Amino acid sequence: MSCNVLLLTIHHSQLTTHKHKDMTLDAKIPAGPLAEKWNKHKFDVKLVNPANKRKYDVIVVGTGLAGASAAASLAELGYNVKAFCFQDSPRRAHSIAAQGGINAAKNYQNDGDSVYRLFYDTIKGGDYRSREGNVYRMAEVSVNIIDQCVAQGVPFAREYGGLLDNRSFGGAQVSRTFYARGQTGQQLLLGAYSALNRQIHLGKVKMYTRTEMLDVVTIDGQAKGIVTRNLINGNIETHTGHAVLLCTGGYGNVFYLSTNAAGSNVTAAWRAHKRGAFFANPCYTQIHPTCIPVTGDHQSKLTLMSESLRNDGRVWAPKTVEIAEQLRKGTIKADQVKEDDRDYFLERKYPSFGNLVPRDVASRNAKEMVDEGRGVGGSGFAVFLDFADAIHRLGKDAVAAKYGNLFDMYYQITDEDPYKQPMRIYPAVHYTMGGLWVDYNLSTNIPGLYALGECNFSDHGANRLGASALMQGLADGYFVIPYTLGDYLAQIGPKPVDAKHPAFEKTKQDVITRINKFLAMKGTKTVNEYHRDLGHIMWEYCGMARTGEGLTKAKGLIQALRADFWKNAIVVGENDEVNPALEKAGRVADFLELGELMVDDALMRKESCGGHFRLESQTPEGEALRDDEHFAFVAAWEYKGDNQPEVLNKEMLDFEFVHLTQRSYK
């Protein structure tokens, strides 16, 4: 029996260009024992022979870890790939910002790790809101990812015997995180980028930089291309492909302030959603516990301090409000607070995991300290991450060897030396577990349209374990999509896509009309101001803690803000030039619509799970309290037209191999 049954009735969006009878869609999880599902599926999928692969064109949007690895792998197999990114180089993809590491179940430490334990930790970390089949596959191929990256020259840290070194991350009691100092994302991206460059040189990948996807083209219900805008000269262009792969990352910037690059956005995924692709679990937002605190309204983004720092750093807050006030006023410094006056609250509350509890747990506890008046720093919105013990135990040089670039980054931003004083940290929006709904093959419910990496919802449930984003992105790109995409292409055949089909011109005109609408906006308030206002609403009412009352208020505020945006926003410049204001207008317009859907999703889910914390649903100890009887499902939302309520479709989660239990890290 499949470990996952999807009970969905599809009523296609009025924007799709096709009509057919209602159909039932399933997640296509292979039957059989957990450890055999992926191997069986790889044997069952249809293949494209090598001579035929060059007859197919594949579009890859986004060139971070998921996109670059997918484009390189598919081109290596022989497909013709068109790759798109809005940056001036794939090297600028936000994957570069990942710091701490990448998980893999190699058990080099001989400390009890296994594929099954990584699978279990991920299911538990996601608060039992992920698919078993997908998560086990990710754990299974994780071991191959490391070998692939080492072969590409990724300079992972090594231990004294020459084997690759590992560090610990939150939500696990084993060391399974491979790392390259605090630059793991950058080094992994350089590996994928080199593989991509090889295929560009060979002519199998055509690279389009400074090009933004603004819509997806469907013909007879299948994705057959995209519409893009050249960000240098404003040209609106159409591109054909037998399949479209969206690898465009997450939507954390709906909160305005996040650890994401300022350009990160939801537009590609949201355009696909408005063409009929389901959007799953949008309210599942990860708040990262170790970020440099907000300093004022002048900021456009926040900076992450890697979770790896919690291996040796100890998180604490003053035991009393009085000491906290002295610290906030600057009358005393952190190193003057006596040990007996410090509350190492994670170690106290969660002795089994200590400072390495999962991100959602650590974040909520930091907020609790601040809410009690025990926050530190000028704003009071911070707790300490202290390395004094580690420096005393290991020596400054050893700590610098592990975390030196992170310490330098903190010093450059704050002008405080973390070797002498503890870091000040506070939670911030980081990763989004929600995204486009996909089945086991990474296909959305629109045939030919795929979503990889953070762009999809599939593997992390309600909370992502640290060091698993890089693992999922590379698993999807290097090891999953080459099999599952081939199965689809073999079924549709290599007949060229008709670039003159009316759907291309129609979709192109839709994009031009939308751009002209933005350029006609001559109000008095900048688009960035609307983005900031939206972020304040989202953080206040749909952030770390949510209530029915607050979410209802947020929905009304967002609707009013969106109406005001279309009346009073100003967009300067023209289309046929470099125009950041125009780019931002399109992205913020999409964020305003997404924000309302996130609120609707959070309102509907009257339980707490992982990063979604409803104050009405918590244990006596203040932990997230799930309601498995009523909410053990994926919420897959269906667009029904502008200003129309979205339709909720449910994918019921059936756990065959893991027993549902209250999550505990004590």
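Our subject is the structure listed above.
Residues numbered from 1 in each chain as written. Predicted model: local features only at pLDDT ≥ 70, side-chain atom pairs only at ≥ 80, totals over all residues. Heavy atoms only, no water.

A. The arrangement of the overall build of the protein in detail. Looking only at helices and strands, the protein has 18 helices and 22 strands in total. Across its three principal directions, the C-alpha atoms of the protein cover 75 × 60 × 50 Å. Across the 666 residues that make up the protein, the buried fraction comes to 62%. Long-range pairs, those at least 24 residues apart, make up 75% of the contacts in the protein between residues at least 6 apart in sequence. Here the protein displays about 24,800 Å² of accessible surface, and carbon together with sulfur accounts for 51% of that area. Measuring between centres, the 77 positive side-chain charges of the protein sit 4 Å from its 77 negative side-chain charges. (Helix = DSSP H or I, 4+ residues; strand = E, 2+ residues; numbered from the N terminus. Buried < 20%, exposed > 50% of the residue type's maximum accessible area, 1.4 Å probe, protein only. Contact = heavy atoms within 4.5 Å. Areas by Shrake-Rupley, 256 points an atom, 1.4 Å probe, with all protein chains shown as cover. Lys, Arg positive; Asp, Glu negative; His and termini not counted. Charge placed at Lys NZ, Arg CZ, Asp CG, Glu CD.)

B. A look at the pattern of salt bridges. This model, assessed by the stated rule, comprises 45 salt bridges. Put simply, Arg663 and Asp360 hold a salt bridge, and the shortest N to O gap is 2.4 Å. Remark: Asp360 occurs in helix α10 (residues 359-371) and Arg663 occurs in the segment after β22 (647-653); sequence separation between them is 303 residues. Residues Arg663 and Asp360 agree in their burial class; the two are buried. A salt bridge links Arg614 to Glu616, with the nearest nitrogen and oxygen atoms 3.0 Å apart. Given the relative accessible area of 6%, Arg614 is considered buried. Within this structure, Asp127, Arg129, Asp360, Arg364, Arg605, Glu607, Arg626, Asp628 and Arg663 form a network of salt bridges that share partners. (Salt bridge = Lys/Arg side-chain N within 4 Å of Asp/Glu carboxyl O.)

C. Quick peek at the nonpolar core. One finds Ile102, Leu245 and Phe565 to be the most contacted residues of the largest nonpolar core, which totals 154 residues. Residue contributions to this core peak at 12 residues, all from helix α17 (residues 580-604). Those residues in contact with Ile102 that lie beyond four places of it in its chain are Ile145, Ile146, Phe156, Arg176, Thr177, Phe178, Thr184, Leu188, Ala467, Leu470, Met471 and Leu474. (Core = buried A, V, L, I, M, F, W, Y, C linked by side-chain atoms within 4.5 Å.)

D. Local environment of the packing of helix α15 (residues 527-542) against α17. Two elements in contact, α15 and α17, have axes separated by 10 Å at closest approach and are oriented at 15°. What the angle tells us is that α15 and α17 run roughly parallel. The chirality of how α15 crosses α17 is left-handed. For the pair α15 and α17, the contacting residues are Val527, Asn528, Tyr530, His531, Leu534, Met538 and Cys542 in the first and Lys584, Ala585, Val588, Phe591, Leu592, Gly595, Met598, Val599 and Ala602 in the second. (Axes fitted to C-alpha atoms, helices over the stretch in contact; angles between N-to-C directions. Parallel < 35°, antiparallel > 145°, perpendicular 65-115°, else oblique. Left-handed = near helix turned anticlockwise from the far one by under 90°.)

E. Here's a closer look at the pairing of strand β13 (residues 314-318). With five of five residues buried, β13 is to be regarded as a mostly interior element. Judged by which residues are buried, β13 turns out to be covered on both faces: Arg314, Trp316 and Pro318 on one side and Val315 and Ala317 on the other are all buried. With three bridges joining them, β13 and strand β15 (residues 383-386) adopt antiparallel strand pairing. Across the sheet, the residue bridging to Trp316 is Phe384, located in β15. In terms of strand pairing, β13 meets strand β14 (residues 342-343) through two bridges, oriented antiparallel. Bridge pairing in β14 links Pro318 to Arg342. (Pairing = 2+ DSSP bridges.)

F. Expanded view of the packing of aromatic side chains. With the rule as written, the count across this model stands at 25 aromatic pairs. For the ring pair Phe119 and Tyr136, a centre distance of 5.5 Å and an interplane angle of 65° mean the geometry is edge-to-face. Of this pair, Phe119 sits in helix α4 (residues 115-125) while Tyr136 sits in helix α5 (residues 132-151), and the two are 17 residues apart along the sequence. Of the two residues examined, Phe119 and Tyr136, each falls in the buried class. With a centroid separation of 4.7 Å and 45° between ring planes, the pair formed by Trp316 and Phe384 is classed as tilted. (Phe/Tyr/Trp six-rings, centres within 6.5 Å; stacked < 30°, edge-to-face > 60°.)

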